[in-house]
Each structure stands twice: as structure tokens, then as C-alpha cells.
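# Examining the three-dimensional arrangement
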Amino acid sequence: MTALHHKLLRELWGMKSQALAIALVFASGVATYVMSLTTLHSLQVTQASFYSDYRFADVFVSLKRAPESVAEQIAEIEGIRFVQTEVVAGANLDIEGYPDPATAMLVSYDEERTKLNRLFLRTGRVADPLRGDEVVVSEAFAEAHRLRPGDTLSPIVNGKKERLTIVGIALSPDYILQLPPASLVPDFRSYAILWMARKPLAAAYDMDEAFNAVSLQIDPGANPFEIVDRLDRLLARYGGLGAYTRKDQPSRRYLSEEFRQLQAMATVFPVIFLSVSAFLLYVVFGRLIQLQREEVATLKAFGYSNFAIGMHYSQLVVAIVAVGLAIGSAAGVWLAQGLSAMYITFYRFPYLQFRLDAEVFLQAFLIALAAAFTGSLFAVRRAALQPPAEAMRPEPPGRYRRTWLDRGGLRRLLSEPSRMIARNLQRRPGKALLTSIGIAAAYSILVMGLFFKDSIDYMLDVQFRLTERDDITVSFVEPTSRSALFDLLRIPGVEQAEAFRAVPVRLRHEQRTYRTVIQGFEPDSTLRSIRNTELEPASIPEEGLLMTDYLADLLRVRPGEEVTVEILEGARPVRRIPLAGTISQFLGVSGYMQVKSLNRLVGEGNAISGAFLLIDTARENEIYSKLKGMPRIAGTEVKRKALRSLTESMGEQMLIFAGIATLLAAIIAFGVVYNSARIALSERARELASLRIFGYTRGEASFILLGELSLLTLVSLPLGMLMGRWLCGMFVRNLQTDLFRLPLVLEPRTYAYAALVVLICSLVSGWIVHREIKRLDLVGVLKTRE
């Protein structure tokens, strides 16, 4: 071991607390990176494995009814490897002890015939193909209601109440997340997937030797879009609702958007954390080397080269980063295991394939090392190139002259220690600025970690208080006469009802397409309102289409330009209509028209798809009971349940991730503030010891140092607010998805909480530094030769 290695070990031990604080800052960035990417990769591998093992289909299409012979025509389309026809139907459910409305999707399943979207049986068995009273229920719904094999369910099958016995609990790749029709949020309590034998289900819905859904497997090299076009043309006469690929399958699409969100978090948080770490190293090593200028000169006098000295300080950086990498990697793996388990519980994958990729750890090491050397490069270079003769001389004292403090007469208002603080800040503005920026950066990432709750609360408030004022949304099995609205109004307890029309469409503009729904509202609707981009109430024009601003950006269409609308039901007409304007919407993407205009576009009469209801909540159980018994109703969504589901699905996951990030941000805040305090003590130790010799008390000496740090901390908070808002804005721009768009909302309490954390870090750091001031070497100061 060389002399420089001994020096390295002594320096690490001498600055062990500072080195550990810096290492923890790096560990926070590495832990976030490892946690995010490991969780994401594990979920993606699990998803791909489940899709492969249980043969998730490549293309899907629903239709009204087609004879089984049509399956042969589908199989003849070039590129299709396997065709699986199915019978699918909606049903209302009556669950004992559960008063709220519940619905189910009945799906045909035959162990021998079903080759795609196969079941993963958690317990029990599949339904007997010859029995119509057996059913397999989706696991999430079964857990929500504590159902077990042997329990019974009572769905209304084609207008007739049946009693079905649960024989198994299962999962399926096409229903990993149970999204009710036209819903953006999974609902595990009020929406079930029930798999029944094909023959009895087909008989109940007049589907003998017929089908109303198709799943396809295609050849690896086939063009899925050509297959979709040919399927649409073939099945149009059978009421085809538009084929779509795996990418647009609701459950898979929801998962993809969730993974996009996780990917954005995995990118933004580590970059910010490690950038702050690099800045901290720049400040720490710049000042550390400045304090060791005489030691550097001595090393050069003994013949050490610039390269050897540069490598010495580089090894010091690597040692600190290595500790941070080890701590961060271990913490990241531990957090990834917990986070993956949480996601698996929500996403309902049957198993987890936890994957630790060496590439992730190598990337984390390289990124951390790059950040470290970026932060310390200039300091190391300055140490290596410093001339020995200049470095051996003590650093010249600063030029002290009258300042604005003295000239302005403010000195009479301040005590002598307070004047020392003000003068030192004025004479060393560069160091004060670097300290303030470091603390402001720590404050800003705390704000970024905390803003999620403000944003989600605001989004839910706009969606469920301003936009949706109804209590219940009722959807019919198929578009029906407007007279059905009066049937709903006759239910005791229903105070108001407004009709709506929903039509599945494929929107086209130039070469871009998007599959969504156009919703038709009444022009004087009060239960559902739409908002312009300033969130003010907007009216729906008599002609033309309104569109969410996010969808308009996806299609790159502007108001006044025409959009091609391909209707995916009925006669499937294709129309070109102008875009009348854009509106703001945080959840989902869709188009809006007046009901009459939409029906005219489709070529139908005065049809409606459902109704929004305002009810007397004191009679809600009675209303739910009536709705359950109406066979025309395909689904019932209760607003309070939708709010709860959305909070549980998106809010809790995002807030847990943000909570972890906030904890790591607090560690960074402490590291920045503590290092700033320790560096200031190292730079001014002789000065403070001299003051002690001149008669100043320990408290007065501590006040001079810690008062300066406190002042810089307070000054940094406004800058941190601006930096935090900018970071949150950048994060919001990276989290725009089809499912939701977070608004940039920051409440005063968020700034206050982040400030409180920084102030607590300052107090703890100040207490530690105050103890060091008590141990200042006064005798050593008397021996110092200037």
C-alpha cells in the first residue's frame, strides 16, 4: 500500500460522516433507478410469460351474430394461424349481502375447444361442458366477495334469473384487469368475469352454431393492420364492431399505460437525484481540495505527478460512490421486491417472475460514476494542476473594507455576530450562492415527490365534482328508444335523468388513427358538463365534433380541420366532419357531439345508449334493487364506487411510489444541508477558534456559523419553490397517457411540508455541527503561522 493509499484511508475516516452523507445521496438515486427498472422489467417479463403460456390472442373482434361457418372464411385470410369463436354476453348479478349494482361478462369456455386466452385455475376446475349451472369466476371478484368453490351466484341470463354454482376461480390473459364496458377504471367489486360451458351459454342467447366474438392468432410475419381491415369488411354484414389488435385490447392497453407511467418515473427521478448528487460533489470536493492546497503542494514537492494526484482524488470519489452504489443497489432490490409484489396484487398476474438484470446494475454504476466525476472533475483537475509554490503559501486573507452594511448604517441595528454573518455572505457571494442552490435543489425534489397528492386530488375533484354531477350511470344492452328514459324516471327515488348516446368509432386524420368513443349529450345537460382548456363550462355545438385536447394532439388536428369518422356499429358509415373545438379532460380521450347530431351521423333515429341519474341517496338500495331486475340494462356505474376504484388503482400506487421517492428525497435534503454545514465549519474552523480565544462563548461562535447556514436555508426556499414547480412541470409532461393526464397543481401545504423537512434537516445538522464547535482546537490556532 502506497503513501497515497494511506492518505486516502485517513481522509475517508476523517470525513466519514460527510462521505456517508454523500454516499446516501448517491444511494438514493441508485435505489430509485434500480427499484424502478427492476420492478418494470419484472412486470414486463411476467406479463410476457403469462401471455405466452396461456396463449393471449393477437387480434380481437366483437359482432352481433354470425353462423359458425363464417369461421372458415376468417381462417382463409392470409396471415391467420388460428381462429377461436366465442359467445360473450353481459348480465346483471344479484350478490347476497351486496346491495350495490353488480354486472358480469359471461364468456364461453371449453377445455378442449379453447386454445387461446386459456384459464389459469387458481383453485377448483373448469365448468362441465354439458352442464349449464356451473361457472368459473374471476379471482379478483371472488376475493372481493370472499367467494369459494361451492358458493352460488344469481345472474340474470337473457332476462331469466339463474342460479349458478362456482366450481373454480381463475385468471385469464385477456381479463387480467377487469374493466367494465366503456369504463377507464378496473372494478373488482362490481364487475365479474364468469366462464361458462359453450353449449348452455349459446342456447341461452340463441347462439347455437353461432358466435358473437372472435379471437385470432396470427403468423409472426403477418401484417395485423391488413388482417384487421379484411376482418372488418368480412364481418360488417354480421354487425361487426371493428377488429383491433392486442395493442388496443382494453386490459393489455391499461397495463401498457401503467408501465409507461412507471417508465417515466424510472427515468425522471433518478436523473434528478443523481444530478443533485453531482452538484453536491462539485461543492464538497471543490472546497475540500481548497482546504488541502498545502498538502497537494507538499505531494508535488516530493515528486508526485499531476496524474498521481488526480488519481488519488479520483479514488476518493470512487470509494464514496462505491459505498453509495452498494447501499443503493441493496435498497433498490429490497424496494423493488415490495413494489413488484404490490403491482402483482393489483394487476392480478398469477405469478411473479422477479428479474434482476446485471445490465441495470451496470447502468446504475456507470450513471452514478459519470455523475460523480462530472461533479468532481473541475476540483480534481484544479488540484492536479496547482503550482507547488503557490499552493504552499497559505490562502491569502480576503480584502476587508467598508460594505453597504456599514455605509447604510444598518450595523447599529445588528449585534457583532450578526454583522459577521452579513459581511461574510457579502464578501463570499459565490460560496453562498452554491450553498443556496444545493439546498434549493434538495427542497425542489421534495416538492416533486409531494405534489402527486395535490395533482390527484385536483384531478378527481374536477372529474367527479365539476364534470360528473350524476350519481349513477346506466348503460343499456344496445341502443334503444328514448322511451326507456321515462322507465328510469318512474323508479321511486330517481330525481333526474338525462340520456346519452355512445358510439364506438375509429377517428382518422391524415395517416394517424385512433379508436375511441364519441359521446352524445343533451345540449342543456346539467348532470354531465364538458370543460374547455381553461376548465370553464363549454357548450356542444349543433354541428361538428368536440375532442379532448390530448386526442387532438395525437391526431395532430386543429379546430376547423376535418376528421374522418368510421362508425364501428350498425351500417358502419364513414363520414367527414369538422373539428369544432377542443376541451380539457384528465381521464380518457373521446369525442363529443349533441345526441341528435350523433344519431344523424350514425344514420339512426332518436336512439340512446343509457342515462345519467341523480337519485335520493336515502333510497339508493331500493333503486339498485329495481335496476338489477331490468334485463335491458347492461351495466350500472355508481360514481362513488368509480371514485373509490380510481383512487385504489391509480392513486394508491402512484402515492406509494411517490412516498418512497419523498423518503429518498428527504435523505438527499439532509445530505445537502449537513455537508453544507460541515464544509462551512471546515473552512471557518480557525476563524471560529480565534473568536473563542478572543472571548466569544461557544453559543456565539455557533451562532455565527449556524446563523449563516440558517439564513442561506431560508433564502434558498423561494428558489427551491421555483425549481420544484419546474421539475413537477417536466414530470407532468412525461406522464401524459391515454388513460389520464396529471394537472400541474401545487398546494401551499406541499411547499410548507417540504420546507418543514428542510428546516428539520437544518436543525439536526446544526446540532451535530454545534457539538463539533465545542471540540475546536484552540491551542492549534495559537500555533498557526500565517
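Data block above holds the structure.
Now for a quick tour of the structure. (Residues numbered from 1 in each chain as written. Predicted model: local features only at pLDDT ≥ 70, side-chain atom pairs only at ≥ 80, totals over all residues. Heavy atoms only, no water.)

## Points about the overall build of the chain
Regarding its fold elements, the chain presents 22 helices and 23 strands. Restricting the contact set of the chain to residue pairs at least 6 apart, pairs at least 24 apart contribute 83%. Accessible area of the chain: about 34,300 Å², with a carbon and sulfur share of 56%. (Helix = DSSP H or I, 4+ residues; strand = E, 2+ residues; numbered from the N terminus. Contact = heavy atoms within 4.5 Å. Areas by Shrake-Rupley, 256 points an atom, 1.4 Å probe, with all protein chains shown as cover.)

## Quick notes on the packing of helix α1 (residues 3-14) against helix α9 (residues 306-347)
Between α1 and α9, the least distance of the axes is 10 Å, while the angle of their chain directions is 40 degrees. Here α1 is positioned oblique relative to α9, judged by the angle of their axes. Between α1 and α9 lies a crossing whose hand is right-handed. Facing α1, whose interface residues are Leu4, His5, Lys7, Leu8, Glu11 and Leu12, α9 presents Ala308, His312, Tyr313, Gln315, Leu316, Ala319 and Ile320. Its residues assigned to classes, the contact of α1 with α9 shows 8 nonpolar, 3 polar and 2 charged. (Axes fitted to C-alpha atoms, helices over the stretch in contact; angles between N-to-C directions. Parallel < 35°, antiparallel > 145°, perpendicular 65-115°, else oblique. Left-handed = near helix turned anticlockwise from the far one by under 90°. Nonpolar A, V, L, I, M, F, W, Y, C, P; charged D, E, K, R; others polar.)

## A short note on the side chain of Glu498
Looking at where Glu498 falls in the secondary structure, it is placed in strand β14 (residues 494-509). Of the side chains with opposite charge, Arg528 lies nearest to the buried Glu498, which makes no salt bridge, at 7.8 Å. One polar contact links Glu498 to Ser525, side chain to side chain, over a distance of 2.7 Å. Those residues in contact with Glu498 that lie beyond four places of it in its chain are Leu485, Asp524, Ser525, Thr526, Leu527, Arg528, Gly610, Ala611 and Phe612. (Buried < 20%, exposed > 50% of the residue type's maximum accessible area, 1.4 Å probe, protein only. Lys, Arg positive; Asp, Glu negative; His and termini not counted. Salt bridge = Lys/Arg side-chain N within 4 Å of Asp/Glu carboxyl O. Polar contact = N/O pair within 3.5 Å; in protein donor to acceptor, adjacent residues only side chain to side chain.)

## A look at the environment of Gly544
One can find Gly544 in the loop between β17 (537-538) and β18 (545-548). In this structure the C-alpha to C-alpha distance between Gly544 and Pro578, which are 34 residues apart in sequence, comes to 5.2 Å. Those residues within four positions of Gly544 in sequence are excluded, and the remaining contacts are Pro578, Ala580, Tyr592 and Met593.

## Things to note about the nonpolar core
Grouped together as the largest cluster of nonpolar side chains are 126 residues, with contacts concentrated most on Leu177, Tyr347 and Phe731. Here the element with the most residues in this core is helix α14 (residues 429-467); it accounts for 17 residues. (Core = buried A, V, L, I, M, F, W, Y, C linked by side-chain atoms within 4.5 Å.)

## Digging into α9
For an α-helix, 3.6 residues make a turn, and residues three or four places apart therefore share a direction. Between its first and last C-alpha, α9 extends 57 Å over 42 residues, near the 62 Å set by a 1.5 Å rise per residue. Directly beyond the C-terminal end of α9, a positive phi value near 65 degrees is found at Arg348. (Expected span 1.5 Å × (residues − 1).)

## Let's talk about the sheet that holds strand β1 (residues 59-67)
Ordered by their spatial adjacency, 4 strands build an open sheet running β2-β11-β1-β12, and the pairing between neighbours is antiparallel. Because the sheet does not close on itself, it has two edges, and the strands there are β2 (80-86) and β12 (244-245). Where β2 lies against strand β11 (residues 210-218), 6 bridges are found, and the strand directions are antiparallel. Residue Thr85 lies in a different strand from β11, and its bridge partner there is Val214. Contacts from helix α6 (residues 224-235) reach β1, β2, β11 and β12 within the one sheet, and its direction differs from that of β1 by about 15 degrees. (Pairing = 2+ DSSP bridges.)

## Points about the pairing of strand β21 (residues 591-594)
Along β21, one buried face is formed by Gly591 and Met593 and the opposite face, lined by Tyr592 and Gln594, is buried too. Pairing geometry for strand β15 (residues 512-521) and β21, over 4 bridges, is parallel. Bridging from a neighbouring strand, Gln519 pairs with Tyr592 of β21. Looking at chain direction, β18 and β21 are connected through 2 bridges and run antiparallel. In the sheet register, Met547 faces β21, and the bridge partner there is Gly591.

## Observations regarding the pattern of salt bridges
Scanning the model with the defined rule gives 29 salt bridges in all. Residue Arg131 pairs with Glu134 through a salt bridge whose shortest N-O separation is 3.4 Å. Given the relative accessible area of 4%, Glu134 is considered buried. A salt bridge links Arg528 to Asp470; the nearest nitrogen and oxygen atoms lie 2.9 Å apart. Residue Arg528 is located in the loop between β15 and β16 (530-531), and its partner Asp470 is located in the loop between α14 and β13 (472-481); the two are separated by 58 residues in the primary sequence.

## Some details on the side chain of Gln47
Mapped onto the fold, Gln47 is located in helix α2 (residues 16-53). Gln47 has contacts with Arg252, Leu255, Phe259 and Phe349, leaving out every residue within four places of it along the chain.

## A short note on unusual backbone geometry
In most cases, non-glycine residues show a negative phi, while peptide bonds are predominantly trans. In this structure, Asp206 takes a positive phi of about 55 degrees despite not being glycine. Relative to the elements of secondary structure, Asp206 occurs in the loop between α5 (198-204) and β11. The class for Asp206 is exposed, based on a relative accessible area of 54%. Phi at Glu510 is positive, roughly 55 degrees, even though this residue is not glycine. Residue Glu510 is classed as exposed on the basis of its relative accessible area of 62%.

## Considering the packing of α14 against helix α20 (residues 698-734)
Direction vectors running N to C along α14 and α20 enclose 45 degrees, while the axes themselves pass 5 Å from each other. Between α14 and α20, the angle falls in the class oblique. When you trace α14 past α20, the crossing you get is right-handed. Along the lines of polarity and charge, the residues of the contact of α14 with α20 split into 21 nonpolar, 7 polar and no charged.

## Topic: the packing of aromatic side chains
For the structure on display, the rule yields 12 aromatic pairs. Centroid distance Phe500 to Phe612: 4.7 Å. Interplanar angle 20 degrees. Geometry classified as stacked. Here the residue Phe500 occupies a position in strand β14, and Phe612 occupies one in strand β22 (residues 607-615), the gap between them amounting to 112 residues. Taken individually, Phe500 and Phe612 each receive the classification buried, so the pair is uniform in this respect. Among the aromatic residues, those joined into a cluster by ring pairs are Phe50, Tyr54, Phe120 and Tyr351. (Phe/Tyr/Trp six-rings, centres within 6.5 Å; stacked < 30°, edge-to-face > 60°.)

## Some words on α14
Along α14, the largest kink reaches about 35 degrees and is centred on Leu450. For α14, a buried count of 28 out of 39 residues is recorded, marking the element as mostly surrounded by other parts of the structure. (Bend = angle between axes of the 7 residues up to and from the residue.)

## Things to note about the environment of Lys247
If you trace the backbone, Lys247 turns up in the loop between β12 and α7 (250-291). Looking at Lys247, the relative accessible area reads 56%, which means it is exposed. In this structure, the C-alpha to C-alpha distance between Lys247 and Val59, residues 188 residues apart in sequence, is 8.9 Å. When neighbours within four sequence positions are excluded, Lys247 is seen to be in contact with Arg252 and Arg253.

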